[in-house]
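# Per-entry structural report
Chain residues, written in single-letter form:
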Amino acid sequence: QVQLVESGGDSVEAGGSLRLSCAASGYTVGSYCMGWFRQAPGKERDWVAVIDRYSVTTTADSVKGRFTISNDVSKNTLYLQMSSLKPDDTAMYYCAATMRVGWCSRAPRDYIYWGQGTQVTVSS
């Protein structure tokens, strides 16, 4: 009964900021690898950032310096803070989780729990 529910997506102008949240139930945030992925129309789903059980993070080059992944174990919630948003960031953003520990994969197929997604639209 693992459930991941994303929120925070919106339509913003280029240069704006958003914070996405992923509330988990039936799953302990901070104990395993979790990540944010995104998918734009006509493109494959791709990783944005991952965080491991020690809160060590890895961020895709396309968003490095602009996006920050973090978690709050007391709230059992994963976050993605996004700043300096660009039109190319427009996509459906998904929260994902696995029961694996150690090194965190960047491949969507290695994650077994997924949220429904939240839409981020960035206009120029």
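Structural notes, computed from the coordinates. On a predicted model such as this, the values are computed, not experimentally measured, just so you know.

### Here's the deal with the pairing of strand β4 (residues 34–39)
- Across the six residues that make up β4, a large majority, five, are buried.
- Pairing of β4 with strand β5 (residues 46–51) involves five bridges; the strand directions are antiparallel. Paired with Trp36 across the two strands is Ala49, which belongs to β5.
- Linkage of β4 to β5, two consecutive antiparallel strands, is achieved through a turn of six residues, within which Gly42 is found at a positive phi near 80°.
- Direction of pairing for β4 relative to strand β9 (residues 91–97): antiparallel, over a ladder of six bridges.

### Quick word on the nonpolar core
- Of all hydrophobic cores here, the largest spans 35 residues; its most connected members are Met34, Trp36, Leu80, Met82 and Tyr93.
- Put simply, the parts of the chain that give this core at least two residues each are β3 (18–25), β4, β5, β7 (67–72), β8 (77–82), β9 and β11 (118–123).
- Ignoring anything within four residues of it in the chain, the contact list for Tyr93 reads Glu6, Leu20, Phe37, Arg38, Val48, Phe67, Leu80, Met82, Gly117, Thr118 and Val120.

### A look at the state of the cysteines
- All chains considered together, the criterion is met by two disulfides.
- In this model, Cys22 is linked to Cys95 through a disulfide, with the two sulfur atoms separated by 2.0 Å. Taking the sign of the torsion about the S-S bond as the criterion, the disulfide between Cys22 and Cys95, at about -70°, is left-handed. Residue Cys22 is found in strand β3, and its partner Cys95 is found in strand β9; the two are separated by 73 residues along the sequence.
- Residue Cys22 is classed as buried on the basis of its relative accessible area, which comes to 0%.
- There is a disulfide in this structure between Cys33 and Cys104, and the S-S distance comes to 2.0 Å. Disulfide Cys33-Cys104: the torsion about the S-S bond is -90°, which places it as left-handed. One end of the pair, Cys33, is in the loop between β3 and β4; the other, Cys104, is in the loop between β9 and β10 (113–114), with 71 residues separating them in the sequence. Side by side, Cys33 and Cys104 carry an identical accessibility label, which is buried.

### Looking at the sheet that holds β7
- Spatial ordering of the open sheet is given by β1-β3-β8-β7, a layout of four strands whose pairing is antiparallel. For this open sheet the edge positions go to β1 (3–7) and β7, each flanked by a neighbour on one side alone. Each strand of the sheet is rotated relative to its neighbour by a mean of 15°, with strand direction disregarded.
- When β3 meets β8, the two strands line up antiparallel, connected through six bridges. Bridge pairing in β8 places Ser21 opposite Tyr79.

### As for the pattern of salt bridges
- Using the criterion set out here, one finds two salt bridges in the structure.
- Between Asp89 and Arg38 there is a salt bridge, and its shortest N-O distance comes to 2.9 Å. Here Asp89 is found in the loop between β8 and β9, whereas its partner Arg38 is found in strand β4, with 51 residues between them in sequence.
- Across the salt bridge formed by Asp89 and Arg66, the nearest N and O atoms sit 2.7 Å from each other. With Asp89 in the loop between β8 and β9 and Arg66 in the loop between β6 (57–59) and β7, this residue pair connects regions lying 23 residues apart in the sequence.
- Assessed through its relative accessible area of 11%, Arg66 is described here as buried.
- A cluster of three or more residues bridged by salt bridges with shared partners is formed by Arg38, Arg66 and Asp89.

Conventions and cut-offs
Residues numbered from 1 in each chain as written. Predicted model: local features only at pLDDT ≥ 70, side-chain atom pairs only at ≥ 80, totals over all residues. Heavy atoms only, no water. Buried < 20%, exposed > 50% of the residue type's maximum accessible area, 1.4 Å probe, protein only. Helix = DSSP H or I, 4+ residues; strand = E, 2+ residues; numbered from the N terminus. Pairing = 2+ DSSP bridges. Core = buried A, V, L, I, M, F, W, Y, C linked by side-chain atoms within 4.5 Å. Contact = heavy atoms within 4.5 Å. Disulfide = S-S within 2.5 Å. Axes fitted to C-alpha atoms, helices over the stretch in contact; angles between N-to-C directions. Salt bridge = Lys/Arg side-chain N within 4 Å of Asp/Glu carboxyl O.

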